[in-house]
Amino acid sequence: MILRPKMNWFRMLFVWHGSVLPSILAQLLLVWAISSLVAWSHGRLFGYTIPLNVAPFTLIGVALALFLGFRNSASYDRYWEGRKLWGSLLIVTRSLSRQALSIGGMQTTDPEMETWTSLLIAFAHALRHQLRGSNPDEDLHRLLSPERSREILAARYRPAIVLVMLGKWVAERKREGVYGEITATALDHNLNHMSEVLGGCERLANTPLPYAYSVMIHRTVYVYCFLLPFGLVSSIGAMTPVVSVFVAYTFMVLEALAAELDQPFGTLPNSLPLASLCETIEDSLREMSGNDLGEIATASRKFIVL
């Protein structure tokens, strides 16, 4: 996802990166070519004119706008649910770090506390890589011991294995007498919340909107935009290419944006900023564990994603 400061209205008119326009530029050029050809040949080619006007396009346009509105609302709901799940992950990891430090009286310099913090951070990175189908080797080797990282990398559902390791860590501290029954139960309760976040993210990633519905809207948008010049040329003449491209831009950009938001965990410009979210979780937990982040957390990043 693109993270940038708010711009004024004039600069917003010329934003290119992240505007979805690059993905539909070829289609808009095709609409311009068709519209120009229709405007030039209207009434000239064998003296024939296509008997179309704007009336049917007005009726279809209203229905199409309603369908696109529903499509965008459904896609944004998926995007927002994914954002809430990652926001919950930030909250629950902070809670687990706080509980491990404050309730049991463990010191930030304790090697076991470093293991606990690293496992919490590794869960976030492992989840990000699983959702995006990317390689987690670098992050896991950086955060965990070679034995733990090899065990996780050998699994198919790596965040779930990290959860098992976190549960075993709590059980070991309980056996050692560091935590009592109530504390261990509280920690396990928050681990269950992490499991719910994992399941919710997997559900969103593996259950997109019905494919037939997306295909129907996609076809309708493009057929409508390609036929629109034939309905406009009789009334607006030489302005047909301009109006057709503007209308096509409105419909096509909504359809393309909905397709991006439908996959909130992807790597497209309007997908969720999972890398930044993981960095926020890592920085926050390191700071809670007593590490002096100093310039590392603030100077290296211009934006903090909450």
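Structure: above.
Scoring rules and cut-offs
Residues numbered from 1 in each chain as written. Predicted model: local features only at pLDDT ≥ 70, side-chain atom pairs only at ≥ 80, totals over all residues. Heavy atoms only, no water. Helix = DSSP H or I, 4+ residues; strand = E, 2+ residues; numbered from the N terminus. Buried < 20%, exposed > 50% of the residue type's maximum accessible area, 1.4 Å probe, protein only. Contact = heavy atoms within 4.5 Å. Areas by Shrake-Rupley, 256 points an atom, 1.4 Å probe, with all protein chains shown as cover. Phe/Tyr/Trp six-rings, centres within 6.5 Å; stacked < 30°, edge-to-face > 60°. Core = buried A, V, L, I, M, F, W, Y, C linked by side-chain atoms within 4.5 Å. Patch = residues over 30% accessible without salt bridge, like charges linked within 9 Å, V, L, I, M, F, W, Y side chains within 5 Å. Salt bridge = Lys/Arg side-chain N within 4 Å of Asp/Glu carboxyl O. Polar contact = N/O pair within 3.5 Å; in protein donor to acceptor, adjacent residues only side chain to side chain. Axes fitted to C-alpha atoms, helices over the stretch in contact; angles between N-to-C directions. Parallel < 35°, antiparallel > 145°, perpendicular 65-115°, else oblique. Nonpolar A, V, L, I, M, F, W, Y, C, P; charged D, E, K, R; others polar. Expected span 1.5 Å × (residues − 1). Arc of directions from axis to C-beta. Left-handed = near helix turned anticlockwise from the far one by under 90°.

Peer 1: Which parts of the structure should I look at to understand the overall build of the protein chain?
Peer 2: Scanning the protein chain from N- to C-terminus turns up twelve helices and zero strands. For the protein chain, with 306 residues in total, the buried portion stands at 42%. Considering only intrachain contacts with a sequence separation of at least 6, the fraction spanning at least 24 residues in the protein chain is 76%. Of the roughly 16500 Å² that the protein chain leaves accessible, carbon and sulfur atoms contribute 63%.

Peer 1: What should I look at first to understand the packing of aromatic side chains in this one?
Peer 2: Each pair of aromatic rings is reported with the distance of its centres and the angle of its planes. The full count for this structure, using the stated rule, is seven aromatic pairs. Taken together through their ring pairs, the aromatic side chains of F57, Y224 and F251 make up a single cluster.

Peer 1: Sorry, what's going on with the environment of A160 here?
Peer 2: Turning to its location among the elements, A160 is positioned in helix 7 (residues 158–175). Between the C-alpha atoms of A160 and L127, which are 33 residues apart in sequence, the distance is 8.9 Å.

Peer 1: Any chance you could explain the nonpolar core here in plain terms?
Peer 2: It is characteristic of soluble globular proteins that their nonpolar side chains tend to be buried jointly. The biggest cluster of nonpolar side chains holds 48 residues, and the ones touching the most others in it are W86, L89, W116, L127, L166 and M194. Among the elements of the structure, helix 3 (54–102), helix 4 (111–132), helix 5 (137–143), helix 6 (146–153), helix 7, helix 8 (181–206) and helix 11 (274–288) are those that each provide at least two residues to this core. Leaving out residues up to four positions away in the same chain, W116 has contacts with L96, S97, A100, L166, W169, V170, L187 and L191. Grouped together as the second largest cluster of nonpolar side chains are 21 residues, I24, F57, L68 and L228 included.

Peer 1: Is there a simple way to explain a nonpolar patch on the surface in this structure?
Peer 2: A cluster of nonpolar side chains, W32, I236, M239 and V242, forms an exposed patch at the surface whose accessible area comes to about 350 Å². By secondary structure assignment, the location of M239 is in the loop between helix 9 (211–236) and helix 10 (240–261).

Peer 1: I would appreciate a short explanation of the side chain of S35 in the present structure.
Peer 2: Considering the arrangement of structural elements, one finds S35 in helix 2 (residues 21–41). A polar side-chain atom of S35 sits 3.5 Å from a polar atom in the side chain of S244. Not counting chain neighbours up to four residues away, the residues in contact with S35 comprise P229, T240, P241 and S244.

Peer 1: Which parts of the structure should I look at to understand the pattern of salt bridges?
Peer 2: Side chains that differ in charge, positive against negative, can pair when their charged atoms come close. Under the criterion given, the structure shown has ten salt bridges. Two residues, R173 and E112, come together in a salt bridge whose shortest N-O distance is 3.2 Å. Of this pair, R173 sits in helix 7 while E112 is found in helix 4, placing the two residues 61 residues apart along the sequence. Taking the relative accessible area as the measure of exposure, R173 reaches 2% and is therefore buried.

Peer 1: Would you mind going over the packing of helix 7 against helix 8 with me for this structure?
Peer 2: Between two packed helices, the angle of one axis relative to the other and the distance separating the axes together describe the packing. Between helix 7 and helix 8, whose axes approach to 10 Å, the crossing angle comes to 175°. The orientation of helix 7 relative to helix 8 falls into the category roughly antiparallel. Judged by residue contacts, P159, A160, L163, L166, G167, V170 and K174 of helix 7 engage E181, A184, L187, L191, M194, S195 and L198 from helix 8. Among the residues making up the contact of helix 7 with helix 8, the classes are represented as ten nonpolar, two polar and two charged.

Peer 1: Quick question: what am I supposed to make of the environment of Q263 here?
Peer 2: Along the chain, Q263 turns up in the loop between helix 10 and helix 11. Classification of Q263 as partly exposed rests on a relative accessible area of 33%. As a C-alpha pair, Q263 and S75 span 188 residues in sequence and 8.0 Å in three-dimensional space.

Peer 1: What should I look at first to understand helix 7 in this one?
Peer 2: Along an α-helix, a turn takes 3.6 residues, which lines up residues three or four apart on a common side. Across its 18 residues, helix 7 extends 26 Å between first and last C-alpha, which sits within 8% of the 26 Å expected from 1.5 Å per residue. Those residues of helix 7 that fall on the buried side of the exposure criterion are P159, V162, L163, M165, L166, W169, V170 and R173. Buried residues along helix 7 cover an arc of 160° about the axis, so they all sit on one side. G177 sits one or two residues past helix 7 and shows a positive phi near 85°.

Peer 1: In this structure, what is going on with helix 6? I would like to understand it.
Peer 2: Restricting attention to buried positions, one finds in helix 6 the residues S149, I152 and L153. Buried residues of helix 6, viewed axially, fall in a sector of 95°; they line one side. When the buried face of helix 6 is taken as reference, the exposed residues oriented beyond 90 degrees from it are E147 and R150.

Peer 1: When you look at the packing of helix 4 against helix 8 in this model, what are you seeing that I'm missing?
Peer 2: Closest axis-to-axis distance for the helix 4/helix 8 pair is 10 Å, and the angle between their directions is 10°. Classified by the interaxial angle, the pair formed by helix 4 and helix 8 is roughly parallel. Here helix 4 and helix 8 pass one another in a crossing that is right-handed. Counted together, W116, L120, F123, L127, Q130 and L131 of helix 4 and L187, L191, M194, V197, L198, C201, E202 and A205 of helix 8 form the full contact between these two elements. Grouping the constituent residues of the contact of helix 4 with helix 8 by class yields twelve nonpolar, one polar and one charged.

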